[in-house]
Amino acid sequence: MRRSSHQGTSQGFTLIEVMVALGIVALALMTGLKASSALNDSARRQSDMLLAQLCAENALNALRLSRQLPGMGESELTCAQGSVSFQVRVQVQNTPNQGFRRIDAQVFSERTPLLRLTTVLGRQ
């Protein structure tokens, strides 16, 4: 019987090779986590924008349905959509034509402006 000349050496990975492989895997996992977090934030922002638009449209439609030319000035109201509460600031301004009013509805979430809708209403 012949003996192998590699009898004293072990075959496998060295500690350095294992550490490098673990570092690469950790880096890949962190990159995936960061991308997932960015997608989650984007979806939340899109949802907030949709709900804010509903609040602004509701405020403008309420003025349209009143069938009166709104008085000039500024008002604030709270709009709850789902589990989120928004603040809506409605500002009515004069236009060069006295038969029309410019109306701005700006929606805030915790004092952060999200959306502004502007329209013009006339006498009906």
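Everything below is about the structure shown above.
Predicted model, so just to flag it, every value in this text is computed and none were measured.

1. Quick word on the overall build of the protein
In step 1: The number of helices and strands found in the protein is one helix and four strands.
In step 2: Reading the protein from its N end, one meets helices and strands in the order α-β-β-β-β.
In step 3: In summary, the protein has a C-alpha radius of gyration of 31 Å against a globular reference of 14 Å for 124 residues, an excess of more than 25%.
In step 4: Overall size of the protein, expressed as C-alpha extent along the three principal axes, is 110 × 30 × 20 Å.
In step 5: By residue count, 23% of the 124 residues in the protein fall in the buried class.
In step 6: Pairs at least 24 apart in sequence give 38% of the contacts found in the protein among residues at least 6 apart.
In step 7: Here the protein contributes 13 positive and 8 negative side-chain charges, whose respective centroids are spaced 4 Å apart.

2. Here we look at the nonpolar core
In step 1: Grouped together as the largest cluster of nonpolar side chains are 17 residues, with contacts concentrated most on C55, F86, V88, V90, I103 and V107.
In step 2: Of all elements in the fold, only α1 (15-65), β2 (84-94), β3 (100-109) and β4 (112-122) reach the threshold of two or more residues within this core.
In step 3: If you tally residues by element for this core, the top one is α1, at six residues.
In step 4: In this view, V88 contacts C55, A59, S75, E76, L77, C79, A105, Q106 and V107; residues no more than four positions away in its chain are not counted.

Thresholds, definitions, all that
Residues numbered from 1 in each chain as written. Predicted model: local features only at pLDDT ≥ 70, side-chain atom pairs only at ≥ 80, totals over all residues. Heavy atoms only, no water. Helix = DSSP H or I, 4+ residues; strand = E, 2+ residues; numbered from the N terminus. Rg over C-alpha atoms; globule rule 2.2 N^0.38 Å. Buried < 20%, exposed > 50% of the residue type's maximum accessible area, 1.4 Å probe, protein only. Contact = heavy atoms within 4.5 Å. Lys, Arg positive; Asp, Glu negative; His and termini not counted. Charge placed at Lys NZ, Arg CZ, Asp CG, Glu CD. Core = buried A, V, L, I, M, F, W, Y, C linked by side-chain atoms within 4.5 Å.

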